[in-house]
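Below are the chains, spelled out letter by letter.
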Amino acid sequence: MAEHQTAAPRQRLRLDPIACEGVGICAHLAADLVRVDSWGYPILTTDPLGRRTVRQARAAVTACPHRALFIQDDV
Amino acid sequence: MTARLRLVTLDEGCEPALLAHAVSYLGPGHGGLTELEPQSLRAHWQRYGARPERRPRPPGEDLIDALHKIALTGRGGGHFPTAAKWQAIRAATGPRPLVVANGAEGEPLSRKDSALLELRPHLILDGLACTAEAVDAAEAVVWLHESDHLARSAVSRALAERQSHVHEVPIRIALGPDRYLSGESSAVVRGVGGGPALPAFRPVPGPSRSPDGRPTLVHNVETLARIALAARGEDAVSSALVSVSSGDTIVVLELPDTCSVQDAVRRALGGTDPQAVLLGGYGGSWLSWEAAAGATLSEPQLRAGGLSLGAGVIAALLPGQCGIARVAQIARYLAESSARQCGPCLFGLDAIADSLHRLAKGGRRHRHEVTRLTGFLAEVRGRGACGHPDGAVRMVASALETFGADGQAHLDGRCVHEATTGRGRG
């Protein structure tokens, strides 16, 4: 199947699980991307970010008190 | 477990490349055994010949081709292609790299690395020196558990012997804490660089760097021994070095990789056939004895079927032993061995172990336990910085498939093996 070529690489929201302390602000700010597990730690979607969700992702990255979230370009 | 070595001579079908004999490590209470000696430099040269000198230029080019051709993969459990690791480290920028021989054998059911360190230290050091030359490393390190006195004395003696006879990169010994995860490769990279020996999170693929910025290449000691054989022109990896265990007996054997898993177990342990085997150790997969029928010790073949020997570990569960109780015990060990850095591992492995203990205890009260456990497994999978939680999830998930009927019997209020576990109820 032919891939649609875009100028910008696709991006995903990612987590450093060691830095994460399960504060959970991300799940509120990026509800479409993050849910919490039985112990309060975030489970991130592996889907690439869209125009709407990238705003949620940025808000979550900025708000995380442990700097555990980041947005990564697909290689 | 303080282990002693016992010599077991087996009538091998092939000339063993690494170990001249099968060796067995027995738990306490099995005394009266023969101690084996580390191979001296002279004996090592007689057996294998001297290590070929570094070729003119480019260094290591012949050897990397040889490793590629024999498709050597990492024997610490990950089975990553060795040649690809060399290429990545040679492409790395910055200071000259550091090469590490990882002899911190964390897997409780594995003794093959101890056997090699104690019996073939020079073969490991040859491989380490070859690797250091090939990637232009400034220094090489042998990483050991701090309480592994036998390996430490064998390696120190070997290093002292080499000092006056072999011209090679400086090699030092570094000691890590006696923890399960001290041998995890990202933990080794941090540990040898003076940091805490704990797994690291790596956001991008590529060579690991020590805390002081040096690209660091970590190889399991068996991988290095095999590199030393490849440097001498051995053109195929045709043997497997495995630790086969039952209870507190662990037997280390070198067998042709065409040997079946069932034959390996029979040769190592004798006696009655087990009801199931755990392939790949605590982070591996359970298989019923019948399901293991087609499997051989060949890693590519095992991988094609979704299995792996990991660091060469086969553990037998004998008839009459309760699989669920054994799995619960292993899961508890893995939970306690967590580096406690990632929430899903710290809390999730505990929850999984608790759930398995309820399952082992059994009774109608816990009739929803399998559903609950399955949910925990799905939540934890893929969420650690290192592979530790994934290994635990794999082992428990395979146990649910293999011992499913046992688990149901527990929930119905009876353990089919109650005589041995003492946990059944009437």
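All figures in this text were calculated on a predicted structure; none of them were measured in a lab.

Engineer: Please clarify how the overall build of chain B should be interpreted in this entry.
Structural biologist: Counting secondary structure elements, chain B contains 16 helices and 12 strands. Within chain B, buried positions represent 53% of all 426 residues.

Engineer: I'm lost on the overall build of chain A in this one. Help?
Structural biologist: Counting its secondary structure elements, chain A contains 2 helices and 4 strands. Going from N to C terminus, chain A has its helices and strands arranged as β-α-β-β-α-β. For chain A, the C-alpha atoms occupy an extent of roughly 40 × 20 × 20 Å along the three principal directions. For chain A, with 75 residues in total, the buried portion stands at 24%. In chain A, the proportion of contacts linking residues at least 24 apart, taken out of those at least 6 apart, comes to 63%.

Engineer: For this particular structure, what's the right way to read the packing of helix α5 (residues 121-134) of chain B against helix α6 (residues 149-163) of chain B?
Structural biologist: How two helices pack is summed up by the angle between their axes together with the distance between the axes. Residue and element names in this part refer to chain B. Viewed as axis vectors pointing N to C, α5 and α6 meet at an angle of 65°, and their least axial separation amounts to 9 Å. Every pair of crossing elements has a handedness; the one defined by α5 and α6 is right-handed. Where α5 approaches α6, its residues Pro-121, His-122 and Leu-125 are matched on the opposing element by Ala-154, Val-155, Ala-158 and Arg-162. Looking at the contact of α5 with α6 residue by residue, the classes come out as 5 nonpolar, 1 polar and 1 charged.

Engineer: Can you walk me through the sheet that holds strand β6 (residues 208-209) of chain B in this structure?
Structural biologist: Hydrogen bonding along the main chain pairs the strands of a sheet, whether they run parallel or antiparallel. Ordered in space as β5-β4-β3-β7-β6 (chain B), the 5 strands form an open sheet in which the pairing is mixed. Edge positions in the sheet fall to β5 (171-176) and β6 of chain B, since each of these pairs with one other strand and no more.

Engineer: Sorry if this is basic, but what is going on with the interface of chain B and chain A here?
Structural biologist: Much of the literature gives interface size as the accessible area that the parts lose upon coming together. Across the contact, 13 residues belong to chain B and 11 residues belong to chain A. The greatest single-element share of the side of chain B that touches chain A, amounting to 5 residues, is contributed by helix α12 (residues 343-361) of chain B. Across the side of chain B that touches chain A, the residue classes tally to 7 nonpolar, 4 polar and 2 charged.

Engineer: Please explain the nonpolar core as it appears in this structure.
Structural biologist: Here is a general trend for soluble globular proteins: nonpolar side chains tend to be buried in one another's company. Core analysis: the largest hydrophobic core is formed by 123 residues, its most contacted members being Ala-264, Val-277, Ile-314, Ala-331 and Ile-352 of chain B. For this core, the element with the highest residue contribution is α12 of chain B, accounting for 9 residues. In contact with Ala-264 of chain B, not counting residues within four places along its chain, are Val-242, Val-244, Leu-253, Leu-255, Cys-259, Leu-297 and Ile-314 of chain B. Cys-20, Leu-29, Leu-49 and Leu-69 of chain A belong to the second largest nonpolar core, which has 15 residues in total.

Engineer: Explain unusual backbone geometry to me, please; I cannot follow it from the model alone.
Structural biologist: Leaving glycine out, the prevailing phi sign among residues is negative, and the prevailing peptide bond configuration is trans. Residues and elements named next belong to chain B. In the Ramachandran plot, Ala-71 falls in the positive-phi region, its phi being about 55° despite a non-glycine side chain. Among the secondary structure elements, Ala-71 is positioned in the loop between α2 (61-70) and α3 (82-91). Since 13 C-beta atoms lie within 10 Å of it, Ala-71 is described here as partly exposed. The phi torsion at His-79 lies on the positive side, around 55°, for a residue other than glycine. Inspection of the secondary structure puts His-79 in the loop between α2 and α3.

Engineer: Quick question: what am I supposed to make of the packing of α5 of chain B against helix α8 (residues 221-231) of chain B here?
Structural biologist: Residue and element names in this part refer to chain B. It is at 7 Å that the axes of α5 and α8 come closest, and there the two elements cross at 75°. It follows from the interaxial angle that α5 and α8 lie roughly perpendicular. Residues Leu-123, Ile-124, Asp-126, Gly-127, Leu-128, Cys-130 and Thr-131 of α5 touch α8, and the partners they reach there are Val-221, Leu-224, Ala-225, Ile-227, Ala-228 and Ala-231. Looking at the contact of α5 with α8 residue by residue, the class counts come to 10 nonpolar, 2 polar and 1 charged.

Engineer: Is there a simple way to explain α8 of chain B in this structure?
Structural biologist: Structurally, the α-helix is built with 3.6 residues per turn, so residues lying three or four positions apart point the same way. Taking burial as the measure, the 11 residues of α8 of chain B include 11 buried ones, the bulk of the element. All of the buried residues in α8 of chain B are Val-221, Glu-222, Thr-223, Leu-224, Ala-225, Arg-226, Ile-227, Ala-228, Leu-229, Ala-230 and Ala-231 of chain B.

Engineer: Can you help me understand the confidence of the model for chain B in this one?
Structural biologist: Caution applies to low-pLDDT regions: their predicted coordinates should not be interpreted in detail. Residues and elements named next belong to chain B. Mean pLDDT over chain B: 87, with 88% of residues reaching 70 or higher. Note that residues 1-14 has pLDDT below 50 and, in this model, 33 contacts with residues that lie over four places away or in other chains. Low pLDDT, under 50, characterises residues 419-426; the predicted model gives this stretch 18 contacts beyond four residues in sequence or across chains. Predicted complex metrics record ipTM = 0.89 and pTM = 0.90.

Engineer: Looking at this structure, I do not really get the pairing of strand β11 (residues 285-288) of chain B. What am I missing?
Structural biologist: A regular strand places its side chains on the two faces of the sheet in alternate fashion. Residues and elements named next belong to chain B. In the sheet, strand β10 (residues 276-279) pairs with β11 via 4 bridges, with the strands oriented antiparallel. Within β11, the position partnered with Val-277 by the bridge is Leu-287. Between the end of β10 and the start of β11, which pair antiparallel, lie 5 residues, with Gly-280 showing a positive phi angle near 95°.

Engineer: What is the right way to read helix α9 (residues 261-269) of chain B from this model?
Structural biologist: Residues and elements named next belong to chain B. Turning to α9, its buried residues are Val-261, Ala-264, Val-265, Ala-268 and Leu-269. All buried residues of α9 fall inside an arc of 100° around its axis, so they share one side. At its buried positions, α9 is contacted by β8 (239-246), β9 (249-256), β10 and β12 (313-317). Two residues or fewer after α9 comes Gly-270, characterised by a positive phi angle close to 60°.

Engineer: Got a minute to help me understand the environment of Pro-9 of chain A in this structure?
Structural biologist: Checked against the element boundaries, Pro-9 of chain A lands in the segment before β1 (11-15). Apart from residues lying up to four places away in sequence, Pro-9 of chain A is in contact with Asp-73 and Asp-74 of chain A.

Engineer: Can you help me understand the environment of Ala-293 of chain B in this one?
Structural biologist: Residues and elements named next belong to chain B. By the element assignment, Ala-293 lies in the loop between β11 and α10 (299-304). You can call Ala-293 exposed: it has 11 C-beta atoms within 10 Å. The spacing of Ala-293 and Asp-263 is 30 residues in sequence and 9.5 Å in space, taken between C-alpha atoms.

The rules behind these values
- Within every chain, residues take consecutive numbers counted from 1 along the sequence as written.
- The lettering of chains begins at A and the numbering of ligands begins at 1, in the order of writing.
- Under the rules for a predicted model, residues below a pLDDT of 70 receive no local features and side-chain atom pairs below 80 are neither given nor counted, while totals for whole chains, interfaces and linings still include all residues.
- A run of DSSP states H or I qualifies as a helix once it reaches four residues; a run of E qualifies as a strand once it reaches two. Both are numbered from the N-terminal end.
- Backbone-placed C-beta atoms define the burial measure: a residue is buried with 20 or more other C-beta atoms within 10 Å of its own, exposed with 12 or fewer, and partly exposed in between.
- By the convention adopted here, residues are in contact when the distance between their C-beta atoms, placed from the backbone, does not exceed 7 Å.
- For helices, the fitted line uses only the C-alpha atoms of the stretch in contact; every axis is such a line through C-alpha atoms, and the angle between N-to-C directions lies from 0 to 180 degrees.
- The hand of a helix crossing depends on one turn: near helix anticlockwise from the far one by less than a right angle means left-handed, and clockwise means right-handed.
- Classes in brief: Ala, Val, Leu, Ile, Met, Phe, Trp, Tyr, Cys and Pro nonpolar; Asp, Glu, Lys and Arg charged; the others, Gly included, polar.
- When DSSP finds two or more bridges between a pair of strands, those strands are recorded as paired.
- Working definition: the nonpolar core is a set of buried Ala, Val, Leu, Ile, Met, Phe, Trp, Tyr and Cys residues, joined through C-beta atoms within 7 Å.
- Angles below 35 degrees are treated as roughly parallel, those above 145 as roughly antiparallel, those between 65 and 115 as roughly perpendicular, and all remaining angles as oblique.
- A residue's pLDDT is simply how confident the predictor is in it, with values from 0 to 100.
- Directions drawn from the helix axis to the C-beta atoms are what define this arc.

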